[in-house]
Amino acid sequence: MIVEIHVPLSSVPNPPDGASPSQSSWIDQVEDFLVDVEDQGDAEVYDEGEQVEDAYVFFVTGAGEEELLAVASRVALLPGVPAGAFAVVSHEGAEEVGVGRRVELPSAARA
């Protein structure tokens, strides 16, 4: 099982000149958070995050669905992460990103 964490890039304020949305500090913050989660043994980072259309997607695996969705929810609540994040419960054999069951995540605005 893989949980994809989709964070919309459309909510990201204009990046500085010459910077792309993928260079935003919140992406680095999420990657650091996921490394910490992996170091604690709570989940594993499946693959490097990547921009897919209008979202940046992070991938976690190595635990049950409930645990992986809890990690995804914690990502959505990190300071600076744009609102509107959601998870997709998928699997390693999925033909493309975003194929699976969509799960809405809490956001700091709702929490």
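Model, not experiment: these values are computed from the prediction.

**Notes on the overall build of the protein**
Summing up its helical and strand segments, the protein has 2 helices and 5 strands in all. Secondary structure elements of the protein, listed N to C terminal, follow the sequence β-α-β-β-α-β-β. When each of the 111 residues of the protein is scored for burial, the buried share is 40%. Restricting to contacts in the protein with at least 6 residues of sequence separation, those with at least 24 account for 68%. Counting only carbon and sulfur atoms, one obtains 46% of the accessible surface of the protein, whose full area is about 6200 Å².

**Considerations on unusual backbone geometry**
Despite not being glycine, Glu 53 has its phi angle at roughly 55°, a positive value. By the secondary structure assignment, Glu 53 is in the loop between strand 2 (44–52) and strand 3 (55–61).

**Some thoughts on the pattern of salt bridges**
Summed over all chains, the structure comprises 2 salt bridges. One salt bridge in this structure joins Glu 65 and Arg 101, with 2.0 Å as the shortest N-O distance. On the criterion of sequence distance, the pair formed by Glu 65 in helix 2 (residues 65–76) and Arg 101 in strand 5 (residues 101–104) is long-range, its members being 36 residues apart. A salt bridge links Glu 104 to Arg 102; the shortest N-O distance between them is 2.8 Å.

**Side note on helix 1 (residues 25–39)**
Spanning 15 residues, helix 1 covers 21 Å between terminal C-alpha atoms, matching the ideal 21 Å at 1.5 Å per step. Residues of helix 1 that are buried include every one of Trp 26, Ile 27, Val 30, Phe 33, Leu 34 and Val 37, and no others. Buried residues of helix 1, seen end-on, are gathered within an arc of 125° and therefore sit on one face of the element. Projecting away from the buried face of helix 1 at angles above 90 degrees are the exposed residues Ser 25, Asp 32 and Asp 39. Summarising the contacts, the buried residues of helix 1 are in contact with strand 1 (2–8), strand 2, strand 3 and helix 2.

**Focus: the packing of aromatic side chains**
Across all of its chains, the model carries 2 aromatic pairs by this definition. With 6.4 Å between their ring centres and 70° between their planes, Trp 26 and Phe 58 make a pair best called edge-to-face. Note that Trp 26 is positioned in helix 1 and Phe 58 in strand 3, a separation of 32 residues in sequence. For Trp 26, a relative accessible area of 5% translates into the label buried. Here Phe 58 falls in the buried class, since its relative accessible area comes to 2%. When the ring of Tyr 56 is compared with that of Phe 58, the centres are 5.1 Å apart and the planes differ by 55°; the resulting orientation is tilted. Taken together through their ring pairs, the aromatic side chains of Trp 26, Tyr 56 and Phe 58 make up a single cluster. One cation-aromatic arrangement involves Arg 102 over Phe 86; the distance from NZ or CZ to the ring centre is 3.6 Å.

What counts and what doesn't
- The residue numbering used here restarts from 1 in each chain and proceeds along that chain's sequence as written.
- Since the coordinates come from a predicted model, pLDDT governs what is reported: local features require at least 70, and pairs of side-chain atoms require 80 or more to be given and counted, while whole-chain, interface and lining totals use all residues.
- The basis for every side-chain value is the complete set of heavy atoms in the structure, and neither hydrogens nor water enter the calculation.
- Runs of E in the DSSP output that reach at least two residues are strands. Runs of H or I that reach at least four are helices, and both are numbered from the N terminus.
- Remark: exposure states derive from per-residue accessible area (1.4 Å probe, protein chains only) relative to the maximum for the residue type, with buried under 20%, exposed over 50%, and partly exposed in between.
- The contact criterion used is simple: two residues touch if any of their non-hydrogen atoms lie within 4.5 Å.
- Computed with the Shrake-Rupley method and a 1.4 Å probe, the accessible areas treat only the protein chains shown as cover for residues.
- The rule for a salt bridge is simple: a side-chain nitrogen of Lys or Arg has to be within 4 Å of a carboxyl oxygen of Asp or Glu.
- In this scheme, a helix's expected span is set at 1.5 Å multiplied by one less than its residue total.
- The directions from the helix axis to the C-beta atoms are what the arc is built from.
- Any two rings among Phe, Tyr and Trp, with Trp reduced to its six-membered ring, count as a pair given centres within 6.5 Å; such a pair is stacked if its planes are under 30 degrees apart, edge-to-face if over 60, and tilted if neither.
- Placement of a positive charge over a ring is assigned whenever Lys NZ or Arg CZ falls within 6 Å of the ring centre and within 35 degrees of the normal to the ring plane.

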